[in-house]
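A closer look at the structure
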Amino acid sequence: MTAAAHDPVFEELLEYLRRTRGFDFTGYKRSTLTRRVQKRMAAVGLHAYDAYLDHLERHPEEFEQLFNTILINVTEFYRDPAAWQALAGEHLPALLARKRPGAPVRVWTAGCSTGAETYTVVMMLAELLGEQGFRDRAKVYATDVDEEALAHARAAVYAEKELEGVPEALRARYFEPAPGGRLALRTDLRRCVIFGRHDLVQDAPISHLDLLVCRNTLMYFNAEAQGRILARFHFALNADSLLFLGRAEMMRAHAALFTPVDVKARLLRKVPHSSLRERMLLAQGPRDDAPPGAGPGDARLPWAALDAGHAAQIVLDPGGALAMANRAARALFTLTAADLGRPLQDLRLSHRPLELRSRVEQAAAERRPVGAGTVEFPSAQAQPRSFEVQVTPLLDGGDLLGVSVTFADVTLSRRLQAELEQANQALEKAYEEVQSANEELETTNEELQSTVEELETTNAELQSTNEELETMNEELQSSNEEMVTLNDELRLRSGELGEVNVYMRSILASLRVGVVVVDRGMGVRVWNRRAEDLWGLRADEVLGEPLLAQDIGLPLPALMVPIGACLDGRSAGEEVVVDARNRRGRGIRCRVTCAPLLSADGARAGVILLMEEWADDPGAGVEA
């Protein structure tokens, strides 16, 4: 790739960037600019400017990478410490001392990048004015063309390495911990800084400044652009104010604008110009689109006056050729000095954003202003801009000197009008919602009153219920006392029954006959020790079990008749003798006596069986 200082394809690429993205790099040094563009082209594997322009059209995401490459954001806190020490230790205190007490202090850091130099100025002013004085008096503006760098600067969050140049005492005083082990400038100080996008070549300067910091930024521009920017800096500064430049920037060619205060620190003071005409010409700066033959005298005054207007304006001569165009019109319609003298019909603005020729002819013929209404005009920004167009004949007596066409930017007013209409609609809707809510509140209030009445009734019922509960509580307490007494009696009876049970078990165990008690269902209820010896079954094996299901040597079916007689009340007791086998398997004669078991009310609740080994010969005796 060759140098592009006069390469028309490279110039076409720059024009494309200006037209589509609003970045005007025409004032930058061509050597620096081509080197950075070529670096980005090499990164995407391209070697021709026209091929790279096609790449940008097909890959819009490439713009961000290109701008980050061109707009190198090299900045740091207290860069060139000696220069900052000279500013803080001598020149800035002297400047503040010359201001009247309580007067505002205005500072502009142009080309602020990620904000390091801006916040260096903030800490310096806070130290000199005191933190409260800084918040009350200081107004710091910080601008750059790089939106990504501005976003970083607004956040004011930095890594520890980025803050190495900040003295430890200042770091502890003005920074606070942030997520990720980073540090953030205190919020109360950060709010005193106003950030915004600003193009030093194209945009109007911030005015009435006491200090303007623009370090290592001018060196990227060519001599013509530097002259224009410095003229605007001159216009922006108050008398006896300071301009703080970087050490790589020289000012010998602009001695008429600034005089050195400290050469080593690159601190300069504005050279005052007494007349308004001189200040206007300096603010306008050198121009390549001034009319032919324009000199330094009054011939440039109409242009300066025309450029002072905010609305875009063009002037046509009686023949319909372009005679003048102010700065706003030149930027809006991309007009240059080569367009002066061209017929209106040869210019794109003759039909874009609206058809102008018929309206110009009408205004010239009828000698009266002709309104063209409001038109939309596309811009590099996301939304189109709105302009109110007015065509006015320029008359001298009855002679037509030309026609003026004014494009007043009403984008903001229309947007505000639309927002106002939306706000009105929202207010109407809110009013309706408030009315509806009021009605709902009235209904709710009535329901609440009804609920209060119900609650009062419920309260009375609850009081009555409470009285009943108190009465019931007294009765329960009385019942509880009776239950305690009854429980004591039951414990006494339980003790007595326990004693009776002990007596009964002792009696049953001492009897020499087997005793078995069954209930009406023939379930075993008592099985004494002699019954265990006779039949070989323990009491815990048979209690609760049916008697007839027990496998013992006693012929139980033979006993069902006397047992049934006892249960039916047909017998008061019977005695039978049956053949049986004892637990050793020896045959014996067994006498079984059946007696009824009576309940407390005299009912027959079961049968008592008394079993003993019996011999036909009473003298034979009984086996032990």
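Treat the numbers as computed from the prediction; the structure is a model and nothing was measured.

1. Some points on the pattern of salt bridges
Counted under the stated rule, the structure contains 23 salt bridges. Between aspartate 240 and arginine 269 there is a salt bridge; the shortest N-O distance is 2.7 Å. Residue aspartate 240 is found in strand 8 (residues 237-245), and its partner arginine 269 is found in strand 10 (residues 267-270); the two are separated by 29 residues along the sequence. For aspartate 240, a relative accessible area of 32% gives the class partly exposed. Assessed through its relative accessible area of 24%, arginine 269 is described here as partly exposed. Among the salt bridges present, the one from aspartate 579 reaches arginine 589, with a minimum N-O distance of 2.6 Å. Residue aspartate 579 is located in strand 18 (residues 574-581), and its partner arginine 589 is located in strand 19 (residues 587-598); the two are separated by 10 residues in the primary sequence. The class of aspartate 579 is exposed, set by a relative accessible area of 52%. Relative accessible area serves as the criterion here: at 31%, arginine 589 is assigned to the partly exposed category.

2. So, the sheet that holds strand 17 (residues 524-527)
Ordered by their spatial adjacency, five strands build an open sheet running 17-16-20-19-18, and the pairing between neighbours is antiparallel. Each of the sheet's edge strands pairs with one partner strand only, and the pair in question is strand 17 and strand 18. Put simply, the sheet's adjacent strands are angled 25° from each other on average, direction ignored. Direction of pairing for strand 19 relative to strand 20 (residues 604-613): antiparallel, over a ladder of nine bridges. Looking at strand 20, one finds that proline 596 is bridged to valine 607.

3. Here we look at the sheet that holds strand 7 (residues 209-214)
Pairing within the open sheet is mixed, and its seven strands lie in the order 6-2-1-7-8-10-9. Because the sheet does not close on itself, it has two edges, and the strands there are strand 6 (193-197) and strand 9 (258-262). Neighbour-to-neighbour, the strand axes of the sheet open up by a mean angle of 25°, direction not taken into account. The pairing of strand 1 (residues 105-110) with strand 2 (residues 138-144) spans six bridges and is parallel. The residue of strand 2 that forms the bridge with threonine 109 is alanine 142.

4. Brief notes about the packing of aromatic side chains
The tally for this structure, following the rule as stated, stands at nine aromatic pairs. Between the aromatic rings of tyrosine 119 and phenylalanine 195, the centroid separation amounts to 6.1 Å while the plane-to-plane angle is 65°, which identifies the pairing as edge-to-face. Of the two residues, tyrosine 119 sits in helix 6 (residues 116-129) while phenylalanine 195 sits in strand 6, which places them 76 residues apart along the sequence. Its relative accessible area of 0% is what places tyrosine 119 among the buried residues. An aromatic cluster of at least three residues, connected via ring pairs, comprises Phe77, Tyr119, Tyr158, Phe175 and Phe195. Directly above the aromatic system of phenylalanine 244 lies the positively charged group of arginine 215, at a separation of 4.5 Å from the ring centroid.

5. A few points about the environment of proline 272
Along the chain, proline 272 turns up in the loop between strand 10 and helix 12 (276-284). Classification of proline 272 by relative accessible area gives exposed; the value is 63%. Put simply, proline 272 and asparagine 238 are 34 residues apart on the chain and 9.0 Å apart in space, counted from C-alpha to C-alpha.

Each value, and the rule that gives it
Residues numbered from 1 in each chain as written. Predicted model: local features only at pLDDT ≥ 70, side-chain atom pairs only at ≥ 80, totals over all residues. Heavy atoms only, no water. Salt bridge = Lys/Arg side-chain N within 4 Å of Asp/Glu carboxyl O. Helix = DSSP H or I, 4+ residues; strand = E, 2+ residues; numbered from the N terminus. Buried < 20%, exposed > 50% of the residue type's maximum accessible area, 1.4 Å probe, protein only. Pairing = 2+ DSSP bridges. Axes fitted to C-alpha atoms, helices over the stretch in contact; angles between N-to-C directions. Phe/Tyr/Trp six-rings, centres within 6.5 Å; stacked < 30°, edge-to-face > 60°. Lys NZ or Arg CZ within 6 Å of the ring centre and 35° of its normal.

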